[in-house]
Every structure is written in structure tokens, then in C-alpha cells.
Amino acid sequence: ICLKSVWITISYSIAAMSIAIVIGIPLGILASGTIFQSQIAKLTSGFIVRPLLALLRAIHELVWAWIIAITLGFTAISGVLALAIPYGAILARIYADLLKDVSDHPLLSLRASGGSGWQILFYGRLPAASAGIINYTVYRFECCLRSSAVLSFIGLQGIGYQIGISLSDL
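Here the structure is a predicted model, which is why all the values come from computation and not from measurement.

### Re the overall build of the protein chain
Now for step 1: Broken down by element type, the protein chain carries seven helices and zero strands.
Now for step 2: Traced from its N-terminal end to its C-terminal end, the protein chain shows the element sequence α-α-α-α-α-α-α.
Now for step 3: Seen through its principal axes, the protein chain has C-alpha atoms that stretch 70 × 30 × 20 Å.
Now for step 4: Nonlocal contacts in the protein chain, meaning residues at least 24 apart in sequence, comprise 74% of its contacts between residues at least 6 apart.
Now for step 5: Across the protein chain, 10 positive and 6 negative side-chain charges occur, with their mean positions spaced 8 Å apart.

Below is the structure:
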């Protein structure tokens, strides 16, 4: 039972982080404003996407779990989505900052040769920021693993649920 519960907890984390990465990459690119040429578009994306990310991050995953469980029922999908939404927003925020903080000096040659915002992103910014993006994603996966154990509070199976049962049985 213990190994099965650990595997269920790990499965929740893997599924949640997979969705979180799918959420985080496009929202991170939009929030960074690096694909836009005009200042107005950069500012608009920052003023729309960043507050949305802040809102999604501000709600704790247990609150998300209750909201989603009430809506969809107490299922594994509820737990995975409860983890994926805030973690996706966290990843997007960090991805945006990492992409924005890439030094402009290496990007000058791409701009000078007429590279579009997307080309500069794929050939300049992403390679420069990739180590930080990978490191932070792995760190967030570890945090997600811990959080998935806590989701036993809404009745999802996993190691946290088994620990709760063991504690109640003394």
C-alpha cells in the first residue's frame, strides 16, 4: 500500500507539472513582452498577463483544490488541476523574468540581421535562459511533489491520505 500511495503521489505531481509547463511557457513568453517590437504591445502584455499570473499565484493550491473539487467532484483531475494552476502561474512569472533578464548584447546581431521577435526568442533568449528555466522547473517539481501529498485533505489518494489514516488509527 505504501509504494502504491507513493506512486500515486508522484503521478499527481508529474501530471500537474506537465500541465503547469504547458501553462507556464506561453504565459511566460507573453508576460516577458520579448516577442513584441512596439513598446505599447510590451506594456499591454505586461499589464494584462502579469496581474493574471499574480491572481492565480495568490490562491493557495488547497483553496484551488476545494474550488475545483466542488465544481468537478473529488477526483484525481481536481487534484492535478489544483496543483497545475498555481504552479503554471509561478512558472510563467519566473520564465518571464528569466527571458527578460537575458543580456541584450548577444541579441544585437540577431536584431541587426532582421530577426523577428520570435526568432530572437528562439535563437537568442531561450538558449541563454534555458539553464535557469530547467533548474527552476525541477525545483518547482519538487515543491509540487510535497504539495501533492497535502492534497489528501480533500480526500485524494496518495501518501498523505495513507499517513492521515495511519495517524487516525494510532
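Having seen the structure, we can now continue with the description.
### Here's the deal with the nonpolar core
Now for step 1: In terms of nonpolar packing, the biggest core is built from 38 residues, with Leu53 and Tyr87 touching the most fellow members.
Now for step 2: Contributions of two or more residues to this core are made by α1 (2-32), α2 (39-58), α3 (61-72), α4 (76-100) and α6 (117-150).
Now for step 3: Here the element with the most residues in this core is α4; it accounts for 13 residues.
Now for step 4: Residue contacts for Leu53: discarding those within four places in its chain leaves Leu27, Ala31, Ala89, Ala92 and Arg93.

### Section: the packing of aromatic side chains
One pair of aromatic rings is described through two measures. These are the centre distance and the angle between the planes.
Now for step 1: As enumerated under the stated definition, the model contains three aromatic pairs in all.
Now for step 2: With a centroid separation of 5.9 Å and an interplanar angle of 85°, the aromatic rings of Trp66 and Phe74 are classed as edge-to-face.
Now for step 3: Looking at Trp66, the relative accessible area reads 39%, which means it is partly exposed.

### Observations regarding the state of the cysteines
Now for step 1: Throughout the structure, instances matching the rule amount to zero disulfides.
Now for step 2: Note on Cys143: no disulfide assigned, nearest cysteine sulfur contributed by Cys144 at a separation of 8.7 Å.

### With respect to α3
Now for step 1: For α3, with 12 residues, the first-to-last C-alpha span of 15 Å sits near the 16 Å given by 1.5 Å per residue.
Now for step 2: Considered for burial, the residues of α3 that qualify are Glu61, Trp64, Ala65, Ile68 and Ala69. Buried residues along α3 cover an arc of 125° about the axis, so they all sit on one side. Those residues of α3 that are exposed and aimed more than 90 degrees away from the buried face are Ile70 and Thr71.
Now for step 3: Buried positions along α3 lie against α2, α4 and α6.
Now for step 4: After α3 finishes, the residue Gly73 shows a positive phi value of roughly 95°.

About the cut-offs
- Residues numbered from 1 in each chain as written.
- Predicted model: local features only at pLDDT ≥ 70, side-chain atom pairs only at ≥ 80, totals over all residues.
- Heavy atoms only, no water.
- Helix = DSSP H or I, 4+ residues; strand = E, 2+ residues; numbered from the N terminus.
- Contact = heavy atoms within 4.5 Å.
- Lys, Arg positive; Asp, Glu negative; His and termini not counted.
- Charge placed at Lys NZ, Arg CZ, Asp CG, Glu CD.
- Core = buried A, V, L, I, M, F, W, Y, C linked by side-chain atoms within 4.5 Å.
- Buried < 20%, exposed > 50% of the residue type's maximum accessible area, 1.4 Å probe, protein only.
- Phe/Tyr/Trp six-rings, centres within 6.5 Å; stacked < 30°, edge-to-face > 60°.
- Disulfide = S-S within 2.5 Å.
- Expected span 1.5 Å × (residues − 1).
- Arc of directions from axis to C-beta.

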